[in-house]
Amino acid sequence: MASLINRFTRAKRVVVKIGSALLVDSSTGRLRHAWLSALSEDIAKMRARGQEVLIVSSGSIAMGRHVLGLKSGPLRLEESQAAAAVGQIQLAHAYQEILAVHDIRVAQILLTPGDTEERRRYLNARSTVSTLLALGALPVVNENDTVATSEIRYGDNDRLAARVAQMISADCLILLSDIDGLYTADPKANPDARFIREVTTLNADIFGMASKTKTDVGRGGMETKLKAAEIAMAAGCNMFITSGTVMRPLTSMENGANFTCFIAHDTPRSARKKWIAAGLTSSGRLTIDAGAEKALRSGKSLLPAGVMKVEGDFQRGDLVTVVNSAASELGRGLVAYSSEDAARIIGHKSGEIAEILGYSGRDEMIHRDELALNQREKIGS
């Protein structure tokens, strides 16, 4: 059990997902202020030991529907959107106020499915979150229910949390739930249900254990949590399910409370590089000089100064092939500039980019984390 909990306590970047049923009192529609205040102590503890934390929060619709006097039960799409518009303001203020006690600055980010599925928007969202974390802020993410439609919405924040964890290369995702983990059957209906501590492979047997019961104010059940685990594990992110019904649930988990750990077999970095190497079609080619090739072999990023030639028609975030002066393929990566802008800055130092292009872009043509080098080259892949 200690080795499993270390996957949480030693993770550098952690996403914590909070469900509506935990955050909002279903009978009054009010925030459970004492519970969130206690959780903020856990968050402060994590940050004090050097962990970066991002929260994916439900609750805006649950809070807003009561303010607007909407009855319990299913809401029409336009009612959900109206409730979210009211609830998001209250929710953002609550996080800001409660986390300020621990001198934690909070940022609100509202995402739609396109922000994690469409390449350009994904890159912008990833860059924004990474910058906020680097500046010491705590991003609080929610689905943008005010504009999402029933056809395109995530449908549950478990999947949203997994997509966010994938997007920011998180090491660990924690789903706080009204159940303490995965059982072989629904423990509320079957007293013989057996608790599952550790999952290393998601297969039909594991998915068969999922309960399809849902909370009164939430949209997810165990089935959605297993789908989230599938996304997270593929991204090299370990995922935990644990009970959030207690005060300070993260500390409780550290101190021996039940949890189920879904173990990823890669690190986020290696999983991302495998995805780059295998999952995309190249849109162009960069020819680099001997100095840049040597730098890549030592695990460094590709700078504009080391690029000799740009071929193809590509946009920022597209995949390009990297070759040396002998036209031997070294690897592939996600380029930080369009082909037009890349052609203008090749051979120049990074400090000259703003003057040449009229805006300040990235220092690297391809960052080392976005570069998958061929295994046969035996270089920093």
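Values in this document were obtained by computation on a predicted structure and should not be read as measured data.

Conventions used here
- Residues numbered from 1 in each chain as written.
- Predicted model: local features only at pLDDT ≥ 70, side-chain atom pairs only at ≥ 80, totals over all residues.
- Heavy atoms only, no water.
- Helix = DSSP H or I, 4+ residues; strand = E, 2+ residues; numbered from the N terminus.
- Buried < 20%, exposed > 50% of the residue type's maximum accessible area, 1.4 Å probe, protein only.
- Contact = heavy atoms within 4.5 Å.
- Areas by Shrake-Rupley, 256 points an atom, 1.4 Å probe, with all protein chains shown as cover.
- Polar contact = N/O pair within 3.5 Å; in protein donor to acceptor, adjacent residues only side chain to side chain.
- 1 Å grid on protein atoms, 1.4 Å probe; cavity = no way out; pocket = protein on both sides within 12 Å on 5 of 7 lines; lining within 4 Å.
- Points joined across faces, edges and corners; volume = space filled by probe spheres on them.
- Nonpolar A, V, L, I, M, F, W, Y, C, P; charged D, E, K, R; others polar.
- Disulfide = S-S within 2.5 Å.
- Pairing = 2+ DSSP bridges.
- Axes fitted to C-alpha atoms, helices over the stretch in contact; angles between N-to-C directions.
- Salt bridge = Lys/Arg side-chain N within 4 Å of Asp/Glu carboxyl O.
- Core = buried A, V, L, I, M, F, W, Y, C linked by side-chain atoms within 4.5 Å.

Here we look at the overall build of the protein chain
And step 1. Across its full length, the protein chain holds 15 helices and 15 strands.
And step 2. In the protein chain, which comprises 381 residues, the proportion classed as buried is 52%.
And step 3. The long-range share in the protein chain, meaning contacts at least 24 apart out of those at least 6 apart in sequence, stands at 73%.
And step 4. With the model as given, the accessible surface of the protein chain reaches about 17,100 Å², and the carbon-plus-sulfur share is 49%.

Looking at the side chain of serine 301
And step 1. Summarising the element assignment, serine 301 is placed in the loop between helix H13 (290-297) and strand E12 (307-312).
And step 2. There is a polar contact of 2.9 Å between the side chain of serine 301 and the backbone nitrogen of arginine 368.
And step 3. When neighbours within four sequence positions are excluded, serine 301 is seen to be in contact with Leu296, Glu364, Ile366, His367 and Arg368.

Structural notes on the layout of surface pockets
And step 1. Its boundaries defined by the atoms lining it, the second largest pocket holds a volume of some 830 Å³.
And step 2. In this structure, the second largest pocket is lined by 30 residues; those nearest its centre are Arg126, Ser130, Arg362, Asp369 and Glu370.
And step 3. Those elements giving two or more residues to the lining of the second largest pocket turn out to be helix H7 (119-134) and helix H12 (268-279).
And step 4. The dominant element in the lining of the second largest pocket, judged by the number of residues it contributes, is H7, at six residues.
And step 5. Among the residues forming the lining of the second largest pocket, the class breakdown is eleven nonpolar, seven polar and twelve charged.

Points about the state of the cysteines
And step 1. Overall, the coordinates contain zero disulfides when judged by the stated rule.
And step 2. With no disulfide of its own, cysteine 172 has cysteine 237 as its nearest cysteine by sulfur position, at a separation of 6.1 Å.

Considerations on the pairing of strand E9 (residues 238-243)
Every regular strand shows the same layout, with side chains that alternate between the two sheet faces.
And step 1. Along E9, six of the six residues are buried, which leaves the element largely enclosed by surrounding structure.
And step 2. Every second residue of E9 is oriented toward a common face, with Asn238, Phe240 and Thr242 on one face and Met239, Ile241 and Ser243 on the other, all of them buried.
And step 3. Where strand E5 (residues 172-177) meets E9, six bridges bridge the pair, whose relative direction is parallel. When the bridges of E9 are listed, leucine 173 appears paired with methionine 239.
And step 4. Relative to strand E10 (residues 259-262), E9 runs antiparallel, the two being bridged by four bridges. Following the sheet pairing, threonine 242 is matched in E10 by phenylalanine 259.

A look at helix H8 (residues 157-167)
And step 1. Most of H8 is tucked away: nine of the eleven residues are buried.
And step 2. If you check which residues of H8 are buried, you get Asn157, Asp158, Leu160, Ala161, Ala162, Arg163, Val164, Ala165 and Met167.
And step 3. One or two residues past the end of H8 sits serine 169, with phi positive at roughly 55°.

Looking at the sheet that holds E12
And step 1. Spatially, the five strands line up as an open sheet ordered E12-E11-E13-E14-E15, and their pairing is mixed. If you trace the sheet from one side to the other, it starts and ends with E12 and strand E15 (371-373), each paired once. Taken pair by pair, the neighbouring strands of this sheet meet at an average axis angle of 25°, ignoring direction.
And step 2. Pairing between strand E13 (residues 319-323) and strand E14 (residues 329-334): five bridges, direction antiparallel. Along E14, the bridge assignment pairs valine 323 with glutamate 329.
And step 3. Docked against the sheet, H13 engages strand E11 (284-288), E13, E14 and E15, running at close to 100° with respect to E11.

Regarding the pattern of salt bridges
And step 1. Counted under the stated rule, the structure contains 17 salt bridges.
And step 2. With a closest N to O distance of 3.0 Å, aspartate 158 and lysine 17 form a salt bridge. Within this pair, whereas aspartate 158 is found in helix H8, its partner lysine 17 is found in strand E1 (residues 13-18), the two being separated by 141 residues in sequence.
And step 3. Taking relative accessible area as the criterion, aspartate 158 reaches 1% and is therefore assigned buried.
And step 4. You can call lysine 17 buried: its relative accessible area is 7%.
And step 5. The shortest N-O distance in the salt bridge between arginine 248 and aspartate 42 comes to 2.8 Å.

Points about the side chain of serine 80
And step 1. Here serine 80 shows up in helix H5 (residues 77-100).
And step 2. Residue classification places serine 80 among the buried positions, given a relative accessible area of 12%.
And step 3. With near-sequence residues (within four places) excluded, serine 80 lies in contact with Ile61 and Leu75.

Considerations on the nonpolar core
And step 1. Core analysis: the biggest nonpolar cluster contains 46 residues, and Val15, Leu173, Leu182, Met239 and Phe262 have the highest contact counts within it.
And step 2. Ignoring sequence-local partners within four residues, the contact set of phenylalanine 262 consists of Leu182, Val199, Leu202, Leu226, Ala229, Met233, Asn238, Met239 and Ile241.
And step 3. Membership of the second largest hydrophobic core comes to 38 residues, among which are Leu22, Ala62, Leu250 and Ile263.

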